[in-house]
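Reading the structure
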Amino acid sequence: MASGKLTFISVGNKFRTQLKTLMDKLKSTGTNFVRCIKPNSKMVDHLFEGAQILSQLQCAGMHSVLDLMQQGYPSRTQFADLYNMYKRYLPAELARLDPRLFCKALFKALGLNENDFKFGLTKVFFRPGKFAEFDQIMKSDPENLAILIKKVKRWLICSRWRKAQWCALSVIKLKNKILYRRAMLIKIQKTVKMWVCVRKYRPRFKGIQKIKTLRSQLTMMGQIVSQLKKDKSSSEKQVQAVAQSIEKVIQQIKTTRVTRQEIDKAYSGLVANINQTLNDLQKKLKQQKNKEEEERLRKIQEEMERERKKKEEEERKRREEEEETARRGGTKKVADGNGGKKKERRGGKETARRG
């Protein structure tokens, strides 16, 4: 009711609470469960029916459990129990060992096969019949126990030496791992810094390369300017202004931090300026060529006109000469005609006389 709401206890919550309480109580008491079987069908005491009991055990799975325990590690005991059981047979330097280390040293010293026992977290597990052999060895005569103590001491020394070697190797591996990680850390830092630099400077580098390609247009404009004959100085100044604008943009990209959009904008402006200048120069060159062509055509026309006049003059002179020649030829014919008529008259008179 502290929050102002009614608390509702459902059946599921109630069952879970009761089950948790029961489990806590069972864990605190260390309860063992016992499987019960029915000894006979007559329900009387001191009467066992073997077949019925065996059938109940088989149905309950006890036979399988016993086979599993027989094949596994049926005998088990706590480390502390073994330590308290046998520490009075050992000297003080071995009796003060940790219970787990004590059991391990003891088993190794006895030369037990590692397949006959296994270590757990708090217990040691034995194969069938191996715990009895171990107990018989421990309770043997004092001479055998003295030899066993020497074996335990030797195993402890060897174990500590192996542990020292393992620790040294572990330190070397740790050192190598630290060096490797340091190298990899430097490599990662280098890669990250390189990526940051590429991300930061790549647009500028690409922009400078793209702008430098515009210098080829300057060469073309220079060739056009070299062909001009009029306004050549002003055209050269225009080309120099374009070249200075290109160098100015490149220097600005190198010295200041500009974005990709600003670089693209500057590039577009340069392209527009270069195209405009190139168009102007080409227009001037075209006008110059047109004027030169007109001048050439005019000269050709004048030459043709002179040739035509010359021919007309020659034709006129030729005609005059022909007319003069014709007049002279006509006078001679007239004279020849008069002479012929006189001869005819004389011939007529002579004929008449002869007649």
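By convention here, each chain's residues receive numbers from 1 onward along its written sequence. Totals for whole chains, interfaces and linings use all residues, but because this is a predicted model, local features are given only for residues with pLDDT of at least 70 and pairs of side-chain atoms are given and counted only at 80 or more. Side-chain calculation: all heavy atoms of the structure are included, whereas hydrogens and water are not.

On a plain count of helices and strands, the protein comes out with 11 helices and 3 strands. Here a strand is any run of E in DSSP of at least two residues, a helix any run of H or I of at least four, and the numbering for each starts at the N terminus. Along the protein, from the amino end to the carboxyl end, the secondary structure elements read α-α-α-β-α-α-α-β-β-α-α-α-α-α. Contact definition: two residues touch when any of their heavy atoms are within 4.5 Å. Sequence-distant contacts, at least 24 apart, represent 68% of the contacts inside the protein between residues at least 6 apart. Here the open area of atoms and residues is found with the Shrake-Rupley method and a 1.4 Å probe, where only the protein chains shown may cover a residue. A total accessible area of about 28400 Å² is found for the protein, and carbon and sulfur atoms account for 57% of it.

What follows covers a positive patch on the surface. For patches, a residue must show more than 30% relative accessible area and have no salt bridge; joins then use 9 Å for like charges and 5 Å for nonpolar side chains, namely Val, Leu, Ile, Met, Phe, Trp and Tyr. Within this document, salt bridges are pairs made up of a side-chain nitrogen of Lys or Arg and a carboxyl oxygen of Asp or Glu, the two lying within 4 Å of each other. In this tally, Asp and Glu contribute negative charge and Lys and Arg positive charge; neither His nor the terminal groups of the chain are included. Lysine's charge is taken at NZ, arginine's at CZ, aspartate's at CG and glutamate's at CD. On the surface, a cluster of positive charge is contributed by R96, R100, K104, R160, R162 and K163. Counting residues per element, the ones that place at least two in the positive patch are α6 (99-110) and α8 (142-212). With respect to the helices and strands, R96 occurs in the loop between α5 (92-95) and α6. The rule is simple: take the accessible area with a 1.4 Å probe, protein chains only, and divide by the maximum for that residue type; under 20% is buried, over 50% is exposed, in between is partly exposed. Residue classification places R96 among the exposed positions, given a relative accessible area of 64%.

All right, on to the nonpolar core then. Put simply, buried Ala, Val, Leu, Ile, Met, Phe, Trp, Tyr and Cys residues joined by side-chain atoms within 4.5 Å make one nonpolar core. Ranked by internal contacts, the top residues of the largest apolar core, which has 21 residues, are I211, M221, I246, I253 and L281. Elements represented by at least two residues in this core include exactly α8, α9 (215-227), α10 (232-255) and α11 (260-354). Contact partners of M221, with chain neighbours within four places excluded, come to V239, V242, I274, T277, L278 and L281.

On the surface, F15, L19, L22 and M23 cluster together into a nonpolar patch covering about 390 Å² of accessible area. Inspection of the secondary structure assignment puts F15 in helix α1 (residues 11-29).

This next bit is on the pattern of salt bridges. Summed over the entire model, instances satisfying the criterion amount to 15 salt bridges. A salt bridge links R215 to E247; the shortest N-O distance between them is 2.7 Å. Residue R215 is located in helix α9, and its partner E247 is located in helix α10; the two are separated by 32 residues in the primary sequence. R215 gets classed as partly exposed once you look at its relative accessible area, which sits at 33%. Taking the shortest distance from any N to any O, the salt bridge between R319 and E315 comes out at 3.5 Å.

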